[in-house]
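Structural features, examined
For reference, the chains in residue letters:
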Amino acid sequence: MKPNIAIIGAGLAGLTLARELSGHAHITLFEKARGLGGRMSTRRRDRHRWDHGAQFFTARSRAFRALLKPFIAEGAVVEWQPNITTLSPSQAPYKRPWFEPHYVATPGMNGLLKAMSPGLNIVLQTRVETLAQQAGKWRLLDDRAEELGEFDWVISSAPLPQTQVLLPFAADTWSGFGMQPCYALMLKVHDEDLPVWDAAQVNSSPLRWIAFNHRLPGRDRHLGAVVAHSSADWAAAHLEDDQDSVRERLTAEFCALTGVTAPAVQEAHLHRWRYALATDVDNDPPGYVLSATHRLAACGDWCLGGRVEAAFTSAHRLAAQLRRLGL
Ligand SMILES: Cc1cc2nc3c(=O)[nH]c(=O)nc-3n(C[C@H](O)[C@H](O)[C@H](O)COP(=O)(O)OP(=O)(O)OC[C@H]3O[C@@H](n4cnc5c(N)ncnc54)[C@H](O)[C@@H]3O)c2cc1C
């Protein structure tokens, strides 16, 4: 009989794992948000859209390129070749070419996850809060103490701090892994009021990245939407500051760096990502956390200290290991 597996989190890692194990097990994915995306989410307001998490990704491994191939063929994933520059408060801008393909999903970054989701059993708006062991099974409860079912295995693909709270592993399991915060500033600005470049890497500033999101492939170029990301260090130092003053400070920094005038900024919104980017991982880790005895596991970008592709690779490696264990 096929085992019942609960996967917590329907970001790229959770969806990858569910797809790769679906022939071997009955899978239920629990996602606390209203829609798919995780840190590849797209924020909407009126007709404007901002990819306020990941803005692009690379595909270095053969396995990740194989996953993307059909989605590239159907246009859900497209190569992005922006006119990219480097900015800093003290230096003149200089052009900064990319030397490998960078991809975006369409019409928003969550487009890849939507394209991966058909056929999967995904329960949205459900935050897994508690795991309890009973008669050799794991019972899951949500944040209102409602029963979510009984499972043979539970696998978390939530960011590290949320996984640590959920899975009853020894504290030293998590040493060597870490995550850093980031602020995402989302601005509405007419395209004609913006510089000619499409995206900028920023140095020596509270901001580290600026992109004219509406110029990404598959977006509406007339709906000027800027995404600016803070540096991790700046976000950590200002994480609990008044959020209005953080938004105003980052908007002023954006105007100073780009020459866009303050009245040209029609709207400014802020998102605080407490767990945004995985810190580097030492050596060559397995890429997941697993206890076959307890039938618990975890995967996600933080297991490999990387980004979108690391989230895929972590889940891909965990799926292979679970199949080796006889799922
Ligand atoms: C601001 C920012 C910029 C970034 N820029 C880039 C970039 O340019 N390029 C790049 O490659 N990567 C970038 N990244 C990183 C990239 O987004 C992540 O590496 C990748 O999306 C992680 O996928 P994941 O599936 O591991 O985790 P997530 O996408 O975080 O998915 C985990 C899911 O678990 C859900 N969840 C958590 N707890 C629970 C619970 N208790 N119950 C149910 N569901 C739960 C969450 O809602 C979430 O949907 C960026 C991230 C951020 C935040």
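As the structure is a prediction and not an experimental result, all values here were calculated from the model. (Residues numbered from 1 in each chain as written. Predicted model: local features only at pLDDT ≥ 70, side-chain atom pairs only at ≥ 80, totals over all residues. Heavy atoms only, no water.)

1. Things to note about the domain arrangement of the chain
- For the chain, the assigned domains read domain 1 (1–36 + 117–176 + 283–327) and domain 2 (42–109 + 179–278).
- Relative placement of domain 1 and domain 2: their C-alpha centres are 29 Å apart.
- Taken together, the contact between domain 1 and domain 2 spans 15 residues of the former and 16 residues of the latter.
- In total, domain 1 and domain 2 occlude about 1,200 Å² of area from one another, counting both sides; carbon and sulfur atoms represent 70% of this.
- When the buried surface of domain 1 facing domain 2 is broken down by residue, Val308, Glu309 and Phe312 rank first, second and third, together holding 41% of it.
- In this assembly, domain 1 and domain 2 are joined by zero salt bridges.
- Between domain 1 and domain 2 we count two residue pairs in polar contact (both at pLDDT 80 or more) in total. (Domains from an automatic or database assignment. Contact = heavy atoms within 4.5 Å. Buried area = accessible area lost by both parts, 1.4 Å probe. Salt bridge = Lys/Arg side-chain N within 4 Å of Asp/Glu carboxyl O. Polar contact = N/O pair within 3.5 Å; in protein donor to acceptor, adjacent residues only side chain to side chain.)

2. Topic: the sheet that holds strand S10 (residues 128–134)
- In space, the three strands of this open sheet follow the order S10-S11-S12, with antiparallel pairing throughout. Of all the strands in the sheet, the pair left with one neighbour each is S10 and strand S12 (147–151). Mean inter-strand twist for the sheet, computed between neighbouring axes without regard to direction, equals 20 degrees.
- Looking at chain direction, S10 and strand S11 (residues 137–142) are connected through six bridges and run antiparallel. Its bridge partner lying in S11, Leu131 is registered against Leu140. (Pairing = 2+ DSSP bridges. Helix = DSSP H or I, 4+ residues; strand = E, 2+ residues; numbered from the N terminus. Axes fitted to C-alpha atoms, helices over the stretch in contact; angles between N-to-C directions.)

3. Examining the sheet that holds strand S20 (residues 296–298)
- Pairing within the open sheet is mixed, and its six strands lie in the order S9-S2-S1-S13-S20-S19. Of all the strands in the sheet, just strand S9 (122–123) and strand S19 (289–291) have a single pairing partner and so form its edges.
- Where strand S13 (residues 153–156) and S20 come together, three bridges link them in parallel fashion. Residue pairing across strands places Val154 opposite Leu296, the latter belonging to S20.

4. Considerations on the pattern of salt bridges
- Counted according to the given criterion, the structure contains 17 salt bridges.
- Salt-bridge contacts for Asp244 lead to Arg247; the nearest nitrogen and oxygen are separated by 3.1 Å. With a gap of three residues between them, Asp244 and Arg247 both fall in helix H6 (residues 243–258), about one helical turn apart.
- The class for Asp244 is partly exposed, based on a relative accessible area of 41%.
- Salt bridges linked by common partners bring Arg45, Asp46, Lys188 and Glu267 together as one network. (Buried < 20%, exposed > 50% of the residue type's maximum accessible area, 1.4 Å probe, protein only.)

5. Regarding the packing of helix H2 (residues 62–73) against helix H7 (residues 308–324)
- As a packed pair, H2 and H7 sit with axes 10 Å apart at the nearest point and diverge in direction by 100 degrees. As summarised for this structure, H2 and H7 are arranged roughly perpendicular, according to the angle between their axes. Each of Ala63, Phe64 and Leu67 in H2 lies in contact with H7, whose residues at this interface are Val308, Glu309, Phe312 and His316.
- Residue classes in the contact of H2 with H7 are distributed as five nonpolar, one polar and one charged. (Parallel < 35°, antiparallel > 145°, perpendicular 65-115°, else oblique. Nonpolar A, V, L, I, M, F, W, Y, C, P; charged D, E, K, R; others polar.)

6. A word on the packing of helix H1 (residues 12–21) against H7
- Taken N-terminus to C-terminus, the directions of H1 and H7 make an angle of 30 degrees; their axes are 8 Å apart at the nearest point. It follows from the interaxial angle that H1 and H7 lie roughly parallel. Seen along the crossing, H1 lies across H7 with a hand that is right-handed. Residues Leu12, Ala13, Thr16, Leu17, Glu20 and Leu21 of H1 pack against Val308, Ala311, Phe312, Ala315, His316, Leu318, Ala319, Leu322 and Arg323 of H7.
- Partitioning the contact of H1 with H7 into residue classes produces 11 nonpolar, two polar and two charged. (Left-handed = near helix turned anticlockwise from the far one by under 90°.)

7. Regarding H7
- In this model H7 runs 25 Å from its N-terminal to its C-terminal C-alpha over 17 residues, within 8% of the 24 Å that 1.5 Å per residue would give.
- With 12 of 17 residues buried, H7 is to be regarded as a mostly interior element.
- Considering only its buried residues, H7 is in contact with H1, H2, S13, S19 and S20. (Expected span 1.5 Å × (residues − 1).)

8. Here's the deal with the packing of aromatic side chains
- This model, assessed by the stated rule, comprises 14 aromatic pairs.
- Pairing Phe169 with Trp174 gives two aromatic rings, centres 5.8 Å apart and planes at 70 degrees, and the pair type is edge-to-face. The two residues Phe169 and Trp174 agree in class, both being buried.
- Taking 6.1 Å as the distance between ring centres and 65 degrees as the angle between the ring planes, the aromatic pair formed by Tyr183 and Trp234 counts as edge-to-face. Of the two residues, Tyr183 is situated in strand S14 (residues 179–188) and Trp234 in helix H5 (residues 232–237); the sequence distance between them amounts to 51 residues.
- With relative accessibility at 0%, the residue Tyr183 sits in the buried group. (Phe/Tyr/Trp six-rings, centres within 6.5 Å; stacked < 30°, edge-to-face > 60°.)

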